[in-house]
Amino acid sequence: MLTRRALAATTALICAAALAGCAREQAPAVDYVLLNGQKASSRDWNGKVMLVNFWATSCATCVKEMPQIVATHDKFKARGLDTVAVAMSYDPPAFVARYAETRKLPFGVAIDNTGSVAQAFGSVQMTPTTFLINKRGEIVKRFVGEPDFAALHGLIEQLLAEG
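Residues numbered from 1 in each chain as written. Predicted model: local features only at pLDDT ≥ 70, side-chain atom pairs only at ≥ 80, totals over all residues. Heavy atoms only, no water.

A. Broad picture of the pattern of salt bridges. Summed over the entire model, instances satisfying the criterion amount to 7 salt bridges. Between D82 and K48 there is a salt bridge; the shortest N-O distance is 3.3 Å. With D82 in strand β4 (residues 81–87) and K48 in the loop between β2 (39–41) and β3 (49–55), this pair connects stretches of sequence that are 34 residues apart. When salt bridges with common partners are traced through the structure, they connect R24, R136, E138 and E162 into a single cluster. (Salt bridge = Lys/Arg side-chain N within 4 Å of Asp/Glu carboxyl O. Helix = DSSP H or I, 4+ residues; strand = E, 2+ residues; numbered from the N terminus.)

B. Region of the structure containing the packing of helix α2 (residues 60–76) against helix α5 (residues 149–161). Two elements in contact, α2 and α5, have axes whose closest approach is 11 Å; the angle formed by their N-to-C orientations is 25°. Taken together, the axes of α2 and α5 are roughly parallel relative to one another. Crossing geometry of α2 relative to α5 is assigned as right-handed. For the pair formed by α2 and α5, the contact residues are E65, Q68, I69, T72, K75 and F76 on the first element and F149, L152, H153, I156, E157 and L160 on the second. In the contact of α2 with α5, the residues fall into 6 nonpolar, 3 polar and 3 charged. (Axes fitted to C-alpha atoms, helices over the stretch in contact; angles between N-to-C directions. Parallel < 35°, antiparallel > 145°, perpendicular 65-115°, else oblique. Left-handed = near helix turned anticlockwise from the far one by under 90°. Contact = heavy atoms within 4.5 Å. Nonpolar A, V, L, I, M, F, W, Y, C, P; charged D, E, K, R; others polar.)

C. Summary view of α2. Taking 1.5 Å of rise per residue, the 17 residues of α2 would be expected to cover 24 Å, and the 25 Å separating its terminal C-alpha atoms lies within 8% of that figure. Largest kink in α2: about 35°, centred on M66, with the proline P67 one to four residues after it. Of all the residues in α2, the buried ones are C62, E65, M66, I69, V70, T72, H73 and F76. For α2, the elements touching its buried residues are β3, β4, α3 (93–102), β6 (129–133) and α5. (Expected span 1.5 Å × (residues − 1). Bend = angle between axes of the 7 residues up to and from the residue. Buried < 20%, exposed > 50% of the residue type's maximum accessible area, 1.4 Å probe, protein only.)

D. Local environment of the sheet that holds β6. Here 5 strands make up an open sheet; going across it, the order is β5-β4-β3-β6-β7 and the pairing mixed. Strand pairing shows two members of the sheet lacking a second neighbour, β5 (108–111) and β7 (139–144), which therefore form its edges. When the angles between neighbouring strand axes are averaged without regard to direction, this sheet yields 15°. Bridge count for β3 against β6 is 5 bridges, and the pairing is antiparallel. Within the sheet, the bridge partner assigned to M50 lies in β6 and is I133. Across the sheet, α2 is in contact with β3, β4 and β6; its angle to β3 comes to roughly 165°. (Pairing = 2+ DSSP bridges.)

E. Up close: the side chain of T83. Structurally, T83 is set in strand β4. With relative accessibility at 2%, the residue T83 sits in the buried group. Side chain to side chain, T83 and H73 meet in a polar contact 2.9 Å long. The residues contacting T83, other than those within four sequence positions of it, are M50, L51, I69, H73, F107 and G108. (Polar contact = N/O pair within 3.5 Å; in protein donor to acceptor, adjacent residues only side chain to side chain.)

Structure, rendered in structure tokens:
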């Protein structure tokens, strides 16, 4: 006989494996400004699979994983993946701009000056924290720390295949 804890864990595994039919949290409605001055909103994400990466130039793991975030974006962007890198409020904007420019980041980079975007996503404080959002605007996965990129790519493949 399964205990409640074992049953809950089994249900969570089944939901994660199936990626369908499980209740998911809606991504928050947020407005932000990209480094190029363009205003953007999570409303622009409708119909796209989104990778939202909270990071900082002072975070060694963030800097280490960024080439893999870029490679993931490049691999899937033609099929409907979009990416936004949200720099934390404590990150000096000049550092963020220099990093994005010298690394030629191929996706939108936002500076969360007030911390409101991080707050809306559940008080993100640890970096990196990455959210994978499906075409319906639901948070499918939250990665705290560097993701397992092979697993992330598998999830993205499944989400892009969804109608």
